[in-house]
Each structure stands twice: as structure tokens, then as C-alpha cells.
Amino acid sequence: MAKLIEGKIVAKKILENLSDEILFLEKKPCLAVIIAGDDAASKIYVNSKKKKAEELGIKSVVIELPQNCTQQEILEKIYTLNNDDSVNGILVQLPLPPQINAKEVVEKIHPLKDVDGLHPYNLGQIAAGNKPHAYPCTPKGIIRLLEYYDISIAGKHAVIIGRSNLVGRPLSLMLLNENATVTVCHSKTKNLSQITQQADILVSAAGQRGLVKADMVKDGAVVIDVGINRQEDGKLCGDVDFWGAEPRASYITPVPGGVGPMTICSLMQNTFDLYKIQNKI
Ligand code: NAD
């Protein structure tokens, strides 16, 4: 039987410490969020980020733009926020409306205010084996979970399913920097199960319900499920067949309550860390 990796509890502890540190600051950190368009899920995510920030004493500014906004309008907002000393972190909620070039938008955020850690400068620093100003939130949350549960990474074979800039790609580099042997799988990978069966640490970030079946998990593996999917009854689930994999794994994350709470926790931590860098604390 696997030990449950309880991201919800770990995130709560980290955020309690963070809130204590923020309490003593005279000038509070500030997170600015740009949301463009009518995507219902994005609105829910932005509201929960705003709420969490305010609970911790982080100021939050939400800038809403209409579905038919232009590239120029978004870039102007970013320019203003880049030059506003009272703003420490800038987040652009993805996805953006189809007429917007999201890559250019992310690249225009100042790397020192790139609270999502998605700017090429920050991703490039990770690729070069250096410390970025901010790590991407979900990979950072996963590494913190492994650290919290004292799960060693060095020398382990880590297999990651998914190569997005948001999760799989930066996580592969971060695990490599921690001396894991890393294999990255994606939608064109052949014989996925043969590869996952070799994983000491298996991370699934594909967004495919039922993708990781019990027989794809090696005995004793650490299983990290990043996926967020819906079951037929509307409940949330991950990519992994949890009840099939759980008896084989040594550790496993639930969905919900595993990686998700760590992502928002990393966002808050990144806001604070960027504040400290900008204020030379
Ligand atoms: P994405 O769609 O950008 O990337 C998915 C990746 O999975 C791609 O690289 C694709 O090649 C790979 N993939 C898809 N199907 C596959 C298959 N059958 N076999 C092998 N590889 C396959 O998605 P993303 O933004 O990286 O997010 C992935 C999942 O994680 C989604 O469900 C998303 O909702 C979730 N997510 C969760 C959190 C969290 O905090 N828990 C954060 C970010 C994303």
C-alpha cells in the first residue's frame, strides 16, 4: 500500500509560514493578473489566486480584457505593469483568445516579474543548470513535495509523460538538475508502458483520463499525477488509475488534493521571492 502524498496539507504548512513572513513586511508584495476573454475555467482560477493572495496579505490586481482585445492592448498592460514598482509579479492567465500571440505576450513580461516562471530567460536558466528568478509553479510544487516526503531524486529514473512548457519540459530539466536520469514521453512516444514500467518516479502530465494503468507502474514507484480531468459523473480525476496503481506504488498523489494545491502555493511563494529580489532583501 502506498503512502499518500498530501499536497493539500503540505501547501497549507508552507503558506502558513509564508503568511507569517508577509505579516511583518511594511510594504506588502503585489501580484498582478491579466485575464483576457470569457473562459469560465480561467475566471475560476483567477478568482482563487486572488483569494489566496489576499488571505496571505499579498495585494492582488486583476486586469480584465475583453474576448476581442488586441495584441497591442495586452502588451501595453504588460509594459505598464513592468514599469510599476509597486507590482512584483505579473501573471497572464492562459489560454488567451485565439487572435493573441501568447508566446510574444509571455516574452514581454520582465523576467524579474515573471511569477509563472515561463519566460524564456527563466526557462533558459533552468536549462543551463542555473537558478532562475522564478521556477514554473507546478514543477516547483512537485519538487517541494518530493523534498517534503524525503524522497531522494539523485540516481533515480524519472519518467515524465508530457512535454509542455508549463509542466513536463521544465520538470524534466529540474529533475535532471537534481541528478535524476530523466526520460520524457509525449504523444508520439512508442511503447509508453515499457518506458513507464522502468520509472522509479513516474509523473503523468498528459491530461488524459485513464492513461496510466496499474500494469504501467513499477513496484515501489513514486507516482505523481498532475492531470486534471473529469469523470463521467463530473468529479475530478487525474491521468492515473489511482486504485489500480496505489497497491504497487510506494508513494502516490491523489487528485484532487495532490499537485494542484502545490501549484497555487508556488505562485504565492514566487510572488514573495520576486518581491525579495526586487527589494534586495
Ligand atoms: P498540454 O496539453 O500542454 O500537454 C500535454 C502533454 O501530454 C503533451 O506534451 C502531449 O504530447 C502529452 N500527451 C498527451 N496525451 C498523451 C498520451 N496519450 N501519451 C503520451 N503523452 C501524451 O497540457 P499541460 O498544460 O502540460 O497540462 C497537462 C495536464 O495537467 C492537464 O490535465 C492539466 O489540466 C493538468 N495541469 C494540472 C496542474 C495542477 O496544478 N495540478 C497544473 C498544470 C496543468
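Everything that follows concerns the structure shown earlier in this document.
The model shown is predicted, which means the values in this text are computed figures rather than measured ones. Residue numbering note: each chain is counted from 1, following its sequence as written. Totals for whole chains, interfaces and linings use every residue, but because this is a predicted model, local features are given only for residues with pLDDT of at least 70 and side-chain atom pairs only at 80 or more, for both listing and counting. Derived side-chain values reflect all non-hydrogen atoms in the structure, with water molecules and hydrogen atoms excluded from consideration.

**With respect to the site of the ligand**
For step 1, the next point in the chain: For the ligand, the set of nearby residues contains 20 residues, the closest of which are Arg163, Ser164, Ser187, Ile228 and Thr263.
For step 2, the next point in the chain: Identification of polar contacts relies on pairs of N or O atoms within 3.5 Å, with a donor-acceptor requirement for protein atoms, meaning one able to donate a hydrogen and the other able to accept it, and with residues adjacent in sequence counted only if both atoms are side-chain atoms. Taking Ile228, its main chain carries an N or O atom lying 3.0 Å from an oxygen atom of the ligand.
For step 3, the next point in the chain: Throughout, the Shrake-Rupley method with a 1.4 Å probe supplies accessible areas, and for residues the shown protein chains are the sole cover considered. Contact with the protein chains removes 72% of the 850 Å² of surface that the ligand exposes when unbound.
For step 4, the next point in the chain: Only DSSP runs of H or I covering at least 4 residues are called helices, and only runs of E covering at least 2 are called strands; the numbering of each starts at the N terminus. Among the elements that take part in the shell around the ligand, helix α10 (residues 259-278) stands out by supplying three residues, more than any other.
For step 5, the next point in the chain: Throughout, the ten residues Ala, Val, Leu, Ile, Met, Phe, Trp, Tyr, Cys and Pro are labelled nonpolar, Asp, Glu, Lys and Arg are labelled charged, and all others, Gly among them, are labelled polar. Here the shell around the ligand is built from residues that sort into nine nonpolar, ten polar and one charged. Residues are classed as near a molecule or strand on a simple rule: at least one heavy atom within 4 Å of it.

**Brief notes about the environment of Ser172**
For step 1, the next point in the chain: Along the chain, the position of Ser172 falls in helix α7 (residues 168-177).
For step 2, the next point in the chain: Here a residue-residue contact requires only that any non-hydrogen atoms of the pair lie within 4.5 Å. The residues touching Ser172, leaving out its near neighbours within four places in the chain, are Ile160, Val182 and Val184.

**Here's the deal with the nonpolar core**
For step 1, the next point in the chain: Of all hydrophobic cores here, the largest spans 49 residues; its most connected members are Leu175, Ile224 and Met268.
For step 2, the next point in the chain: In contact with Leu175, other than residues within four places in its own chain, are Ile143, Leu146, Ile153, Ala158, Ile160, Ala180 and Val182. Among buried residues, those of type Ala, Val, Leu, Ile, Met, Phe, Trp, Tyr and Cys that are joined through side-chain atoms within 4.5 Å constitute a nonpolar core. The buried label applies to any residue whose accessible area, calculated with a 1.4 Å probe on protein chains only, is under 20% of its type's maximum; exposed applies above 50%, and partly exposed to all values in between.

**Details of unusual backbone geometry**
For step 1, the next point in the chain: Looking along the chain, the bond that leaves Leu94 and enters Pro95 is cis, with omega of 5 degrees.
For step 2, the next point in the chain: In this structure, Pro95 sits in the loop between β4 (89-92) and α4 (102-108).
For step 3, the next point in the chain: Phi at Asn179 takes a positive value of approximately 70 degrees, unusual for a residue other than glycine.
For step 4, the next point in the chain: Examined against the element boundaries, Asn179 turns out to sit in the loop between α7 and β6 (181-185).
For step 5, the next point in the chain: Unlike most non-glycine residues, Lys280 shows phi in positive territory, near 50 degrees.
For step 6, the next point in the chain: Its location among the elements puts Lys280 in the segment after α10.

**Things to note about the sheet that holds strand β11 (residues 251-252)**
For step 1, the next point in the chain: Reading across the sheet, the six strands line up as β1-β11-β8-β7-β5-β6 and stay open at both edges, with parallel pairing between neighbours. In this open sheet, the two edge strands, each paired with only one partner strand, are β1 (3-4) and β6. In short, DSSP must find at least two bridges between two strands for them to pair.

**Some details on the pairing of strand β8 (residues 222-225)**
For step 1, the next point in the chain: Of the two faces of β8, the one holding Val222 and Ile224 and the one holding Val223 and Asp225 are both buried throughout.
For step 2, the next point in the chain: In terms of strand pairing, strand β7 (residues 201-204) meets β8 through four bridges, oriented parallel. Within the sheet, the bridge partner assigned to Val203 lies in β8 and is Ile224.
For step 3, the next point in the chain: Examined bridge by bridge, β8 and β11 share two bridges and lie parallel to one another. In the strand pairing of β11, Val222 is matched with Tyr251.

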